[in-house]
Amino acid sequence: KQEVTQIPAALSVPEGENLVLNCSFTDSAIYNLQWFRQDPGKGLTSLLLIQSSQREQTSGRLNASLDKSSGRSTLYIAASQPGDSATYLCAVRPNSGYSTLTFGKGTMLLVSP
Amino acid sequence: EPEVTQTPSHQVTQMGQEVILRCVPISNHLYFYWYRQILGQKVEFLVSFYNNEISEKSEIFDDQFSVERPDGSNFTLKIRSTKLEDSAMYFCASSLETMGSPLHFGNGTRLTVT
């Protein structure tokens, strides 16, 4: 059974710092991995989707990498801003079966001005 | 940008009552999903739906749950007889295709069972 772990559970940084969020998964037979942002009491906003054949994806100040063989992904946020404060979730989709996403518990990020 | 919309945003119901949660997926998407998140826990898969039938469901999705696409735009989740442990945030999601496309989630319905 796929397990997804995100470290750290919480992170507090001053504005302007570059930071890295980690996601690990136990079964490397994944089709893709998706990073989401969740604001308190809100839905999930898709940030980046990395297919299993890809190494990284970039969108603005966000860069996500994937090392499928070692079961790891990182989300790099450059020049963090207070508006980046949210919970960041990663989710993996298996190679087999349909479309079930298995989520990690998330990293709660607080960027202080 | 098109988005998934869910109503209501908050639903309070008494134990044993039936509830229907409503979702309007993105219009050209073909695959629809329900996930839920109990407070403080991970987001969990409930069910996926394609071509007017369930394509996959989890152990959580027992006989008390059902889904329906009553018309060309709505997608609903019904809980027949709610239990206290059904209290959670329920998210609807949709995707263009089953595997390679990102899932787009709605803002969720917070269900409180008293």
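Along each chain, residue indices are assigned from 1 in the same order as the chain's sequence is written. Going through the entries in the order they are written, you letter the chains from A and number the ligands from 1. Reporting in this predicted model follows two pLDDT cut-offs: at least 70 for local features of residues, and 80 or more for side-chain atom pairs to be given and counted; totals over whole chains, interfaces and linings ignore these cut-offs and use all residues. To obtain the side-chain values, all non-hydrogen atoms of the structure were included, while hydrogens and water were left out.

Caption draft 1: Here's a closer look at unusual backbone geometry. For the bond from Ile7 of chain A to Pro8 of chain A, the omega torsion is -5°, close enough to zero to count as cis. Following Thr7 of chain B, the chain continues to Pro8 of chain B via a peptide bond in cis, the omega torsion being -10°. With respect to the helices, strands and loops of the structure, Pro8 of chain B is situated in the loop between strand 1 (5–7) and strand 2 (10–13). Unlike most non-glycine residues, Ala79 of chain A shows phi in positive territory, near 45°. Where helices and strands are cited, they refer to DSSP runs of H or I of at least four residues and of E of at least two residues respectively, numbered from the N terminus. Tracing the backbone through its elements, the reader meets Ala79 of chain A in the loop between strand 8 (72–77) and strand 9 (86–94). Even without being a glycine, Asn51 of chain B presents a positive backbone phi close to 55°.

Caption draft 2: Broad picture of the interface of chain A and chain B. Should any heavy atoms of two residues lie within 4.5 Å, those residues are counted as being in contact. Of the residues lining the interface, 26 residues belong to chain A; the matching set on chain B comes to 22 residues. Here chain A and chain B share an interface that buries about 1,900 Å² over both sides, 54% of which is from carbon and sulfur atoms. For this analysis, a salt bridge means a side-chain nitrogen from Lys or Arg found within 4 Å of a carboxyl oxygen belonging to Asp or Glu. Remark: the boundary between chain A and chain B carries 0 salt bridges. Between N or O atoms, a polar contact is any pair within 3.5 Å; within protein, one atom must be a potential hydrogen donor and the other a potential acceptor, and residues adjacent in sequence are included only when both atoms are from side chains. On inspection of chain A and its partner chain B, the count reaches 9 residue pairs in polar contact (both at pLDDT 80 or more). Broken down by secondary-structure element, the contributors of at least two residues to the side of chain A that touches chain B are strand 4 (30–38), strand 5 (44–51) and strand 9 of chain A. At 5 residues, the largest contribution of residues to the side of chain A that touches chain B is made by strand 4 of chain A. Classifying every residue of the side of chain A that touches chain B gives 10 nonpolar, 12 polar and 4 charged. By convention, the term buried area covers the 1.4 Å-probe accessible surface removed from two parts as they join, with the contributions of both added. The classification used treats Ala, Val, Leu, Ile, Met, Phe, Trp, Tyr, Cys and Pro as nonpolar, Asp, Glu, Lys and Arg as charged, and all other residues, Gly among them, as polar.

Caption draft 3: Here's a closer look at the sheet that holds strand 6 (residues 56–59) of chain A. Residues and elements named next belong to chain A. Each pair of strands is called paired provided DSSP finds at least two bridges between the two strands. Pairing is antiparallel in the open sheet, where 5 strands are placed in the order 1-3-8-7-6. At either end of the open sheet lies a strand with only one pairing partner, and these are strand 1 (4–7) and strand 6. Here the strands of the sheet are splayed against their neighbours by 15° on average, with no regard to which way each runs. Relative to strand 8, strand 3 (residues 19–25) runs antiparallel, the two being bridged by 6 bridges. Angles shown run from 0 to 180 degrees and are taken between the N-to-C directions of axes, each axis being a line fitted to C-alpha atoms and, for helices, limited to the stretch in contact.

Caption draft 4: Representation of the state of the cysteines in the model. In this description, a disulfide is simply a cysteine sulfur pair whose atoms lie within 2.5 Å. Using the criterion set out here, one finds 2 disulfides over all chains in the structure. Sulfur-sulfur distance for the disulfide between Cys23 of chain A and Cys90 of chain A comes to 1.9 Å. Taking the torsion about the S-S bond as the criterion, the Cys23 of chain A to Cys90 of chain A disulfide, at about 70°, is right-handed. Here Cys23 of chain A, found in strand 3, pairs with Cys90 of chain A, found in strand 9; they are 67 residues apart in sequence, far enough to count as distant. Taken individually, Cys23 of chain A and Cys90 of chain A each receive the classification buried, so the pair is uniform in this respect. The partner cysteine of Cys23 of chain B in its disulfide is Cys92 of chain B, sulfur to sulfur 1.9 Å. Here Cys23 of chain B and Cys92 of chain B share a disulfide; its torsion about the S-S bond, -65°, makes the bridge left-handed. Relative accessible area decides the class of each residue, using a 1.4 Å probe on protein chains only: under 20% of the type maximum gives buried, over 50% gives exposed, and in between gives partly exposed.

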